[in-house]
Amino acid sequence: MNREEQTGGGLPRQEKTGAVALEEKSEARPEDAQKAEEAPAAEGAPEEPAGGPQPEMTKKEQEEEPDVGQEAREPGSESAPEESGGPVAPEEEGEEEPEEEEEGEALSAFERLSLPGKLLAWLGLVALALAILLGSALILLYLTADMEDVPQAQVSFEGQALEPESYRWSVPVAGPIHRVFHRDMSDEPQRLETVESPTPRLEAAEGFELEITVLDEAGETVFEGTGQSFAVFAFEEEDEYTASITAKKTAGPQVTGYIPEGSYHYEIAFQLSAAPRLEASRDSVAQGSVFCLRLTGVLGEELPRISAPFSPDAIFVRQGEDWVACLDVPYDCATGEYVIQVEAGASTLTQTVNVYARQLRELDTSTLDGTALTPYLGALPEVLEPYMDVADPDIYWTDGFIQPVKGTLLRDYYVNEYTDRITDPTLIALVPDIVEQLNAAIQPRLSLNVTFSLPAGSKVSCPADGRVIFAGVAGGAGRTIVVEHGGGLKSIFYLMNQMNVQEGGFVYQGDSLGTTNDHIICEMRLNGSAVNPWDIWRNLGGLA
């Protein structure tokens, strides 16, 4: 039998490539493999394809290689070895391929990834590690945030420290993450000691906003508002009171981040038993000076009454939560002790003040050298007398007084001026009796104001806040300005050159009232009485 008959089909035998051989090998049944092993050596391995041995293929290439043998067969046809009529001897290289497949299967999933896939995997691992670190840090920050990070309100009521009844605070941890602390305490209000002031002080640490509601014993609301508005509130009667107070603080940007936000709540109860108190700015005062009485602890808005023997026109005016009365001591007031009586509601209080003598100084002027020609004003101009009764019910000044002009002092307050007296020691020694008689015949003139010499056009500053009640010509005193500072205390400026204000206008400390000629006379009057301007300008007597 020839070769064509042995193949059973007369078809030439096809040499399989490495990929086809592997495919057929993978599809061969166990019994086919056994038959191939029993085939005689003469049958041998198939001839190598043209071009020499083919390179080994990886598992991935085997999967992607098209099934050539499958395409060559018709559907339902049997495998090539069965068509050839006998088993085909396996190639030598094919016997080692199962081992290579096992090695390929042993490769990790990471090693099979391409370079971009590996980079993405590494980035994912780094992101996971960072997330774990950040989460741990946030947990640590959250656990370390505690009430020590919360600011203390330090709320006090009339000097008595308050304990919070409850609180709620949000402490920043990181970004929008906060830790909340809250606590509800006893419903019993904190009992305070008896409050004696009708205007008790409500205070807190800087940065806290206060809200307060006060109820009387009948449960009626007597006050509701902010701590700022409570500062000017005054109780009108003695009673048992309860109060609810909230001290809150809102968050805001700080140098190191954000501050906690929250509030404290307080419940207090107290008995108001007001006791008016009277205080004097000084116990002893000189003639021609001033002093003030301050009345505290007065219930309601009823005007207290004052009786002072040397200052019958003195009145009380409101200054904040207190009542203040400024009293003048006339330059000719008799020395000694005086009792001042004050009536506030049903209470009567007294204050003793000692008045002592002021030294009367002397000033000699001469017609020959021109010093006697210095302007002089010994009495209040008649046109100004009606304005001395003005006493505004408010104290306008807040920061005391300042000296209105800077110049050379020519004549001081409470000085007797003598013109053309003989002061030559030689003449006095030669004819002492004659000199004494001549000098005794010269009548002095008393100065109750101060006179300055200064360059024309100098500025006159307002010594304190006040209301202009006169701006015009006052007879021989020339252009004159009168400023009411409240409570009957007035500044008067004579011999003005130019006036920059008008009657009825309000002026502030340091404002320019106008300018001077080469002289100016300054005068201060309280309740119509001329007082020492230096005491006012130097803020003596409790004016500051």
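Residues numbered from 1 in each chain as written. Predicted model: local features only at pLDDT ≥ 70, side-chain atom pairs only at ≥ 80, totals over all residues. Heavy atoms only, no water.

**Details of the sheet that holds strand S13 (residues 277–280)**
Pairing within the open sheet is antiparallel, and its four strands lie in the order S13-S15-S18-S17. Each edge of the open sheet carries a strand with a single partner, namely S13 and strand S17 (317–319). With direction set aside, neighbouring strand axes in the sheet form an average angle of 30 degrees. With four bridges joining them, S13 and strand S15 (residues 290–296) adopt antiparallel strand pairing. Bridging from a neighbouring strand, Ala280 pairs with Leu293 of S15. (Pairing = 2+ DSSP bridges. Helix = DSSP H or I, 4+ residues; strand = E, 2+ residues; numbered from the N terminus. Axes fitted to C-alpha atoms, helices over the stretch in contact; angles between N-to-C directions.)

**Here we look at the pattern of salt bridges**
Per the stated rule, a full pass over the model turns up 17 salt bridges. For the salt bridge of Glu417 with Arg445, the shortest nitrogen-to-oxygen distance reads 3.0 Å. Of this pair, Glu417 sits in strand S23 (residues 415–419) while Arg445 is found in strand S24 (residues 445–447), placing the two residues 28 residues apart along the sequence. Take Arg445: its relative accessible area is 25%, and that puts it in the partly exposed class. In this structure, the salt-bridge partner of Glu523 is Arg525, at a minimum N-O distance of 2.6 Å. A relative accessible area of 3% places Glu523 in the buried class. Here the residues in one salt-bridge network are Glu302, Arg305 and Glu343, joined through shared partners. (Salt bridge = Lys/Arg side-chain N within 4 Å of Asp/Glu carboxyl O. Buried < 20%, exposed > 50% of the residue type's maximum accessible area, 1.4 Å probe, protein only.)

**Looking at the confidence of the model for the protein chain**
With 74% of its residues at a pLDDT of 70 or more, the protein chain shows a mean pLDDT of 81. Mean pLDDT across the elements of the protein chain ranges from a minimum in helix H1 (residues 3–6), with 41, to a maximum in strand S28 (residues 479–484), with 98. Per-residue pLDDT stays below 50 along residues 33–52; that stretch engages in 14 contacts with residues further than four places along the chain or on separate chains. A low-confidence stretch, residues 68–95 stays under pLDDT 50, and its non-local contacts, those more than four residues away or across chains, total 29 contacts. (pLDDT = per-residue confidence, 0-100. Contact = heavy atoms within 4.5 Å.)

**Observations regarding a nonpolar patch on the surface**
On the surface, Leu427, Leu430, Val431, Ile434 and Leu438 cluster together to form a nonpolar patch covering roughly 450 Å² of accessible area. Its place among the elements puts Leu427 in helix H11 (residues 425–430). By relative accessible area, which is 40% here, Leu427 ends up partly exposed. (Patch = residues over 30% accessible without salt bridge, like charges linked within 9 Å, V, L, I, M, F, W, Y side chains within 5 Å. Areas by Shrake-Rupley, 256 points an atom, 1.4 Å probe, with all protein chains shown as cover.)

**Comments concerning the sheet that holds strand S6 (residues 202–203)**
Each strand in a sheet pairs with its neighbour through backbone hydrogen bonds, running either in the same direction (parallel) or in the opposite one (antiparallel). Spatially, S2-S1-S6 is the arrangement adopted by the three strands of the open sheet, whose pairing is antiparallel. Either end of the sheet is taken by a strand with one partner, and the two such strands are strand S2 (160–161) and S6. Sheet topology note: the strand S1 (residues 156–157)/S6 ladder contains two bridges and is antiparallel. Bridge pairing in S6 places Ser156 opposite Glu203.

**Quick look at the nonpolar core**
Within the largest apolar cluster, 38 residues are counted, with the highest numbers of intra-cluster contacts made by Leu513, Ile520 and Ile536. Discounting chain neighbours no more than four positions away, the residues touching Leu513 are Val460, Ser461, Cys462, Ile481, Val483, Phe493, Met496, Gln498, Met499, Asn500, Val501 and Val507. Core analysis: the next-biggest nonpolar cluster, separate from the first, contains 28 residues, Leu162, Tyr167, Tyr266 and Phe270 among them. (Core = buried A, V, L, I, M, F, W, Y, C linked by side-chain atoms within 4.5 Å.)

**Description of the side chain of Thr296**
You can see Thr296 is positioned in strand S15. The class of Thr296 is buried, set by a relative accessible area of 12%. In contact with Thr296, other than residues within four places in its own chain, are Ala275, Pro276, Arg277 and Asp322.

**Side note on the packing of aromatic side chains**
Scanning the model with the defined rule gives 22 aromatic pairs in all. Between Phe223 and Phe233, the aromatic rings sit 5.0 Å apart at their centres with planes inclined by 45 degrees, giving tilted as the arrangement. Of this pair, Phe223 sits in strand S8 (residues 221–226) while Phe233 sits in the loop between helix H10 (227–230) and strand S9 (239–249), and the two are 10 residues apart along the sequence. Phe233 matches Phe223 in its accessibility class, with the two residues each being buried. Within the aromatic cluster, the residues linked to one another by ring pairs are Phe157, Phe223, Phe230, Phe233, Phe235, Tyr241 and Phe270. Just above the ring of Tyr376 sits the side chain of Arg445; from NZ or CZ to the centre is 4.4 Å. (Phe/Tyr/Trp six-rings, centres within 6.5 Å; stacked < 30°, edge-to-face > 60°. Lys NZ or Arg CZ within 6 Å of the ring centre and 35° of its normal.)

**What to know about the pairing of strand S18 (residues 322–328)**
By the criterion of burial, S18 is predominantly enclosed, with seven of the seven residues buried. The two faces of S18 match: Asp322, Val324, Cys326 and Asp328 on one face and Trp323, Ala325 and Leu327 on the other face are all buried. Relative to S18, S15 is paired through six bridges, and the arrangement is antiparallel. Looking across to S18, one finds that Phe291 is bridged to Leu327. Pairing of S17 with S18 involves three bridges; the strand directions are antiparallel. Across the sheet, the residue bridging to Arg318 is Trp323, located in S18. Counting the residues that bridge the hairpin from S17 to S18 gives two residues, and of these Gly320 lies at a positive phi of roughly 70 degrees.

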